[in-house]
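Survey of secondary and tertiary structure
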Amino acid sequence: MNTALDRRMADAIRFLSLDAIERATDGHPGAPLGCAEMAVALFTRHFKCNPADPTWPDRDRFVLSNGHGSMLLYAVLHLSGYPGMELEQIKNFRVLGSNTHGHPEFAPHHGIEATTGPLGQGIANAVGMAVAEEWLRATLGAGIVDHRTYAIVGDGCLQEGIAHEVISLAGHLQLGRLTFLWDDNRITDDGSTDISISENVRARFRAAGWQVIDVDGHDVAQVSAALTLAHADPRPTMIACATIIGKGLPRLEGQRGAHGGRVFDSDLTEARNAAGWNAGPFEVPLDVAQAWQGGTAGRNADEYAAWQARLAALPAETQADIGRMFAGELPAGWQDALSAYRAQLAANPQAISSNEITQSIVALLAEAIPELFSGAPDLEGPTGVKKQLAAFTPDNRAGRYLHYGIREHAMGAMMNGITAHGGMRPLGATYLVFSDYMRPALRMSALMALPVITIYSHDSIGIGRNGPTHQPVEYLAALRAMPNMAVFRPADAVEVAECWEAALLRRHGPSSMVCSRQALTPLRQDANTNLSLRGAYVLHEAASGPRAVTLLASGSEVGLAVQARAVLEAEGIATAVVSMPCWELFEQQDAAYRAATIGRGTVRVGIEAAVRQGWERWIGEDGAFVGMSGFGASGAPEDLWQHFGITVDAVVAAAKNGLIT
């Protein structure tokens, strides 16, 4: 049973949301109105935070997975006193330049822990955050890390395929500090959930190893009691909150139209009359505002002060290390270890796949970067990124390798959650063709500018007999098309080490490390300077005269270009070879460097065992391209290169044809 103050605290969320949505003439009123009591129970009675220090490392984490209900989060943050969520921001909901975007966008300094909107991503982020909390508590101690992760989820979140992946894995990992509050309103955008789902959602969670508690989602005391039970159980908990979508908006309450329907001024009048809410637009009565502040900042003041005292009692070096980890900075010396290994590779050249070199580099980095956290979706053997790392399990929370199972989508979104949580640097590994399973999560990592690194092995037809289902041809173009994604495809062992350094130096965006299964010919004997940091560079300049031909390539095809150059130079055709391990870094170089490197005014030939899309920028509209124009085939690698015409002879012919025309 709600007290009068409970009702008014929930109504503060409702009317701030309704006023903002009506003013914006757009928005989704259903979730903010239907979840208001859930938010009161969670944030004013249980949630650990300090609005004056929004990025406090030991704060609880909250994810609004059904991000279309963003005004719920913004109203809570405003009522709690978070910076950047002042009343003017609420009034400017969905206005360009405001902090109150249509869907929440990652801004921990404002209290927004993840960008959500594509349904299912948020709950997967929350599972990743729960993994991060467990690992950091085991590593740093409960005196520094001892918090919980919560997510409000809707029917849409639970119906998405990724939900099945993360619910299963969270139960298997026994993430007992993870709680989902399900907005069980039995309505989706199309209407009643009965039209599309008949499974027992509660039984599904129970089968996965979760505690399930049913409550009236509009009863603050019931929701609060369920949260207390969740804290006492070693299993993750799903609290099924029976709610009415759009509660308090008489015209739309309980109807599908409440999901994203237009709110009019007349609706606000009707809603205020029904609730007995006498405050004007964007007004919160003083006693309600004080109750919210007391339930969030006030309730947590002693715990925050105690945590600060525990931190201050630690040795200065430990304090600095904790600060470094949560700031996303890498430990001193990590580049030295990588540079030494690069020099070793240059001094002892050998034909080896970039996948094998990456395995060794990950092992080296695991020693240099204690917070590096690896994992793969049932591909430990082919990707080799486990090496000496112990597995993260219910019995070993300090393990640094996560067996995701055959769940690429979960891996991608959980890595986003681990990174957004702070304190860890995750990386995952799978085959390049399986990046499609991860694409929504990759896009979100790019949008949030999270420095997540994903390793993709089996980069081309060079994998051979597995056939076209496993031979990527369009994937490089697809990854390169994504804003803020850096795609690395190194040409030899030295470049692999260089590309790893470049990827780890990126603070504000994800990286895709595309590796070969086939051995790469050693091309670089110089390791003093990381040439790959510029994205592309002249590997061999023309020797027989002013440059007439420029061969541009990435990955294993750089070795092919070097062989073709030897043929052309022997015939007196002055030819340069340009290695292009990362287009995105090359785009950041000044115009003069780019022009000198790609050789404008020369015959340009692009060489890559992938589709041509995107290469026009570097070779020009009339430039030649040696690569793929369709899908691959099953056969021996050496036969496939010949079959698809990715050969020295083809490159030489393309260069000569360009000179003729």
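Quick look at the structure, then.

Reading the values: rules and limits
- Chains are numbered independently. Their residues run from 1 in the order of the written sequence.
- Local features in this predicted model are restricted to residues whose pLDDT is 70 or higher, and side-chain atom pairs enter the listing and the counts only when it is 80 or higher, whereas totals over whole chains, interfaces and linings include all residues.
- The basis for every side-chain value is the complete set of non-hydrogen atoms in the structure, without hydrogens or water.
- Here, a salt bridge means any Lys or Arg side-chain nitrogen found within 4 Å of an Asp or Glu carboxyl oxygen.
- Burial status follows relative accessibility: with a 1.4 Å probe on protein chains alone, a residue under 20% of its type maximum counts as buried, one over 50% as exposed, and anything between as partly exposed.
- Put simply, two rings from Phe, Tyr or Trp (the six-membered ring, in Trp's case) pair if the centres are within 6.5 Å, and we call them stacked under 30 degrees between planes, edge-to-face over 60, tilted for the rest.
- Secondary structure counts use DSSP, requiring at least four H or I residues in a row for a helix and at least two E residues in a row for a strand, with both numbered from the N terminus.
- For a lysine, the NZ atom is tested; for an arginine, the CZ atom; a charge sits over a ring if that atom is within 6 Å of the ring centre and within 35 degrees of the ring normal.
- Pairing between strands is defined by DSSP: at least two bridges between them are needed.
- To obtain each axis, a line is fitted to C-alpha atoms, and for helices this fit is confined to the stretch in contact; angles are then taken between N-to-C directions over 0 to 180 degrees.
- Any pair of residues with heavy atoms lying within 4.5 Å of one another is described as a contacting pair.
- Small angles under 35 degrees read as roughly parallel and large ones over 145 as roughly antiparallel, with 65 to 115 read as roughly perpendicular and the rest as oblique.
- Under the scheme applied here, ten amino acids are nonpolar (Ala, Val, Leu, Ile, Met, Phe, Trp, Tyr, Cys and Pro), four are charged (Asp, Glu, Lys and Arg), and all others, including Gly, are polar.
- Contacts described as polar in this section are N or O atom pairs within 3.5 Å, which, within protein, must combine one atom able to donate a hydrogen with one able to accept it, while residues neighboring in sequence count only if both atoms come from side chains.

What about the pattern of salt bridges?
- Considering all chains together, one arrives at 33 salt bridges under this definition.
- Across the salt bridge formed by Glu616 and Arg612, the nearest N and O atoms sit 3.0 Å from each other.
- What makes Glu616 partly exposed here is its relative accessible area of 35%.
- Arg612 sits in the partly exposed class, given a relative accessible area of 24%.

Quick notes on the packing of aromatic side chains
- Counted according to the given criterion, the structure contains 17 aromatic pairs.
- Taking 6.1 Å as the distance between ring centres and 45° as the angle between the ring planes, the aromatic pair formed by Trp615 and Phe625 counts as tilted. Here Trp615, found in the loop between β19 (603-608) and α24 (616-619), pairs with Phe625, found in strand β20 (residues 624-627); they are 10 residues apart in sequence, far enough to count as distant. Residues Trp615 and Phe625 agree in their burial class; the two are buried.
- Grouping aromatic residues by their ring pairs yields a cluster made of Trp583, Phe586, Tyr593, Trp615, Trp618 and Phe625.
- The ring of Trp583 has Arg480 sitting right over it, with the charged end atom 3.8 Å from the ring centre.
- Lying over the aromatic face of Tyr593, Arg534 brings its terminal NZ or CZ to 3.7 Å of the ring centre.

Remarks on the sheet that holds strand β18 (residues 575-579)
- Reading across from one edge, β16-β18-β17-β19-β20 is the order of the five strands in this open sheet, with mixed pairing throughout. On the outer flanks of this sheet lie β16 (537-540) and β20, each paired with one strand and no other. Across the sheet, the mean angle from the axis of one strand to that of its neighbour is 30°, orientation sign disregarded.
- Here β19 pairs with β20 via four bridges, running parallel. Within β20, the position partnered with Val605 by the bridge is Ala624.
- Strands β16, β17 (549-553), β18 and β19 of the sheet are contacted by helix α21 (residues 557-570), whose axis makes an angle of about 175° with β18.

Overview of the packing of helix α1 (residues 4-24) against helix α12 (residues 286-312)
- Two elements in contact, α1 and α12, have axes separated by 10 Å at closest approach and are oriented at 90°. When the axis of α1 is compared with that of α12, the two are roughly perpendicular. Each of Leu5, Arg8, Met9, Ala12 and Ile13 in α1 lies in contact with α12, whose residues at this interface are Asp287, Val288, Ala291 and Trp292.
- Counted by class, the contact of α1 with α12 contains seven nonpolar, no polar and two charged residues.

Points about helix α3 (residues 36-45)
- With nine of 10 residues buried, α3 is to be regarded as a mostly interior element.
- Buried within α3 are the following residues: Ala36, Glu37, Met38, Ala39, Val40, Ala41, Leu42, Phe43 and Thr44.

A word on the environment of His421
- Relative to the helices and strands, His421 is located in helix α17 (residues 408-421).
- Residues His421 and Thr55 lie 366 residues apart in sequence; the distance between their C-alpha atoms is 9.7 Å.
- Apart from residues no more than four positions distant in its own chain, His421 is found in contact with Arg59, Arg61, Met129, Ala132, Glu133, Leu136, His147 and Phe326.
- A polar contact is formed between the side chain of His421 and the side chain of His147, at a distance of 2.9 Å.

Overview of the sheet that holds strand β9 (residues 372-376)
- Read from one edge of the open sheet, six strands run β10-β9-β11-β12-β14-β13, paired in parallel fashion. Taken across any chain shown, the strands that pair with only one partner, and hence form the sheet edges, are β10 (401-403) and β13 (486-488). Ignoring strand direction, the axes of neighbouring strands in this sheet form an average angle of 20°.
- Where strand β11 (residues 425-431) meets strand β12 (residues 453-457), five bridges bridge the pair, whose relative direction is parallel.

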